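Here's the letter readout for the chains.
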Amino acid sequence: MDDLMHNDPARVIEADRAHVWHHMIQHRALETSDPRIIVEGRGMRVWDITGKEHLDAVSGGVWTVNVGYGRERIADAVREQLVKMCYFAGAQGTVPGARFAEALIAKMPGLSRVYLANSGSEANEKAFKMVRQIAHKHHGGRKSKILYRERDYHGTTIACLSAGGQQERNAQYGPFVPEFVMVPHCLEYRAQDGLAGEDYGLRAAEAIEEVILREGPDTVGALCLEPITAGGGIILPPEGYWQKVQEICAKYDILLHIDEVVCGMGRTGTWFGYQQFGVKPDIVTMAKGVASGYAAISCCVTTEAVFEKFKDASDPMAHFRDISTFGGCASGPVAALENLAILEEENLLDNSTRMGAYLQEGLQGLMEKHALIGDVRGKGLFAGAELVADRATREPVPEALVQAVVADCLKQGVIIGATNRSVPGFNNVLLFAPALIAGKAEIDEILSAVDGALGRAAG
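Let us look at the structure shown here. (Residues numbered from 1 in each chain as written. Predicted model: local features only at pLDDT ≥ 70, side-chain atom pairs only at ≥ 80, totals over all residues. Heavy atoms only, no water.)

When helices and strands are counted, the chain shows 15 helices and 16 strands. Against the globule reference of 23 Å for 459 residues, the chain gives a C-alpha radius of gyration of 22 Å, in line with a compact fold. Each principal axis of the C-alpha distribution contributes one length, and for the chain these read about 65 × 60 × 45 Å. The 459 residues of the chain split such that 53% are buried. Counting only contacts in the chain whose residues sit at least 6 apart along the sequence, the fraction spanning at least 24 positions is 70%. Of the side-chain charges in the chain, 45 are positive and 59 negative, and the distance between the mean point of each set is 2 Å. (Helix = DSSP H or I, 4+ residues; strand = E, 2+ residues; numbered from the N terminus. Rg over C-alpha atoms; globule rule 2.2 N^0.38 Å. Buried < 20%, exposed > 50% of the residue type's maximum accessible area, 1.4 Å probe, protein only. Contact = heavy atoms within 4.5 Å. Lys, Arg positive; Asp, Glu negative; His and termini not counted. Charge placed at Lys NZ, Arg CZ, Asp CG, Glu CD.)

The structure is reproduced here in structure tokens:
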């Protein structure tokens, strides 16, 4: 690397401003302000190119760095693997691929096969293609519809956006792939008309069954859901919801696809979010925390029953005719193996549960202090606080106020998140997903920053 570029922050900033197309931001703002460039991370803290220190309460901005920054054992394992064998296409195997698949399946009773890819969107694409191919091979092409839930998000490709329940993510990217059908959400705080009251979880699940009956059960191949809705507002499904969903899928022979891209690898306090609810999925997809951002890897995991549907030596078109080029990178599974070991050795799932409860308690305390908070929800180190202008009417605060709270926290040196370009009029939830290594001191620092920001916002 050019030493001048390495040692000259101004040159790096100008190179970024002139040539980098950043994700999810309006670049007009960078005409009058500098891009923020993160240069180092240790534990839960990161430093930008100006030297300013930040406490990261969203694990890399998008809920990824579950075991924290600066893990030398992961970096060392990746380097050693890259020198020995960096890559081979997925039609062949690699040692870390086989070892990681075995270790992962040990955490997922009832599932047995792992398809490696390199992003959450890609993992979900694989699942959608599996469902469509099963429809053609085993159902005469009929069970090709895939149901998805309002407010859920499954990725950024056109097919994944076709299964996306966030209107602002989808806007201007259509037309979309046909035969993706939306079902109602399950946010009890904003219960749909006719579903509110006792047994809301049961009623919200029955609303899915109504869509299935409307579409025709013999046309529906899969139901794709997040175990806890992430970017749509941290939505914890109500009691009774998942049991009824499972019953509905079994009743109509519909594959249950759980998207664990965010909730997987201990984020909620169990290995996977669906395990909080006793769900038995047919397909599980994951990315982000699988290797905590130290290497690109995602997985589409299935039952043996799903896998068997692609085994027919008499038909040259029967196997899953898909490829992920970078699913063949050996760095991903070797990083994932070390990540898995760290989660186990340091009891980070237990820490997620304990510190998650501490975070929830703290947010509830802020809710008692600040009328702007209308609802607090979450599981493990995955929490949301919905901001409202009026608790009685539950009117959302303007987006500008939410962003002001986030900006205030950033000024204090604490990075938090918020729903962003998701549901029109309801981008009003503060999001928290600190690394699973978080202790009380870090949680207190996060809560203190939010406390101050809310007080100034209310003023």
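To continue, consider the packing of aromatic side chains. A complete count under the given rule lists seven aromatic pairs for this structure. Between Trp63 and Phe382, the aromatic rings sit 5.7 Å apart at their centres with planes inclined by 70 degrees, giving edge-to-face as the arrangement. On the criterion of sequence distance, the pair formed by Trp63 in helix H3 (residues 59-63) and Phe382 in the loop between strand S11 (373-378) and strand S12 (383-390) is long-range, its members being 319 residues apart. The residues Trp63 and Phe382 share a single accessibility class, namely buried. Within the aromatic cluster, the residues linked to one another by ring pairs are Tyr115, Phe310 and Phe320. The cationic tip of Arg113 hangs over the ring face of Phe307; the distance from NZ or CZ to the ring centre is 3.8 Å. (Phe/Tyr/Trp six-rings, centres within 6.5 Å; stacked < 30°, edge-to-face > 60°. Lys NZ or Arg CZ within 6 Å of the ring centre and 35° of its normal.)

Now for the sheet that holds strand S9 (residues 283-286). Taken together, the seven strands give an open sheet; going across it, the order is S4-S10-S9-S8-S7-S5-S6, and neighbouring strands pair in mixed fashion. In this open sheet, the two edge strands, each paired with only one partner strand, are strand S4 (113-117) and strand S6 (180-183). Ignoring which end each strand starts from, the neighbouring axes of this sheet average 20 degrees apart. Both strand S7 (residues 220-225) and strand S8 (residues 255-259) contribute to a ladder of four bridges, which runs parallel. Bridge assignment links Leu225 to a residue of S8, and that residue is Ile258. Helix H6 (residues 120-138) contacts S4, strand S5 (145-149), S6, S7, S8, S9 and strand S10 (298-302) of the sheet and is inclined by roughly 30 degrees relative to S10. (Pairing = 2+ DSSP bridges. Axes fitted to C-alpha atoms, helices over the stretch in contact; angles between N-to-C directions.)

By the definition in use, this model includes 30 salt bridges. Its salt-bridge partner being Glu215, residue Arg214 comes within 2.8 Å of it at the nearest N-O pair. As a salt-bridge pair, Asp451 and Lys369 come within 2.9 Å of each other at their nearest N and O atoms. Of this pair, Asp451 sits in helix H15 (residues 440-458) while Lys369 sits in helix H13 (residues 348-369), placing them 82 residues apart in sequence. Salt bridges linked by common partners bring Glu122, Lys126, Lys129 and Asp322 together as one network. (Salt bridge = Lys/Arg side-chain N within 4 Å of Asp/Glu carboxyl O.)

The next thing to look at is the packing of helix H9 (residues 200-215) against helix H10 (residues 241-251). Contact geometry of H9 with H10 gives a least axis separation of 7 Å together with a crossing angle of 25 degrees. Between H9 and H10, the interaxial angle falls into the category roughly parallel. The chirality of how H9 crosses H10 is right-handed. Contacts from Gly201, Leu202, Ala204, Ala205, Glu206, Ile208, Glu209 and Ile212 in H9 reach Tyr241, Lys244, Val245, Ile248 and Lys251 in H10. (Parallel < 35°, antiparallel > 145°, perpendicular 65-115°, else oblique. Left-handed = near helix turned anticlockwise from the far one by under 90°.)

So, on to the sheet that holds strand S2 (residues 45-48). Taking strand neighbours across the sheet as the criterion, the four strands line up as S1-S2-S3-S14 in an open arrangement whose pairing is mixed. Here the strands that pair on one side only, and so sit at the sheet edges, are strand S1 (38-42) and strand S14 (414-415). Across two bridges, the pairing between strand S3 (residues 53-56) and S14 is parallel. Within the sheet, the bridge partner assigned to Asp56 lies in S14 and is Ile415.

Okay, the pairing of S3 next. Looking at chain direction, S2 and S3 are connected through three bridges and run antiparallel. Bridge pairing in S3 links Val46 to His54. The turn linking S2 back onto S3 is made up of four residues, and Gly51 within it adopts a positive phi angle of 95 degrees.

Turning our attention to the pairing of S7. Of all the six residues making up S7, six are buried; the element is thus mostly covered by neighbouring parts of the structure. The sheet contact formed by S5 and S7 spans four bridges and is parallel. Note on S7: the bridge partner recorded for Tyr148 is Cys224. As a crossover connection, the stretch from S7 through H10 into S8 is right-handed. (Right-handed = clockwise from strand over helix to strand, strands pointing away.)

Next up on the list: unusual backbone geometry. Cis geometry marks the peptide bond from Gly174 to Pro175; its omega dihedral reads 5 degrees. Within the secondary structure, Pro175 is located in the loop between helix H8 (167-170) and S6. Although it is not a glycine, Glu179 adopts a positive phi angle of roughly 70 degrees. Position of Glu179 among the secondary structure elements: in the loop between H8 and S6. Of note, Asn347 is a non-glycine position whose phi angle comes to about 50 degrees, a positive value. Here Asn347 is to be found in the loop between helix H12 (331-345) and H13. Classification of Asn347 by relative accessible area gives partly exposed; the value is 46%.

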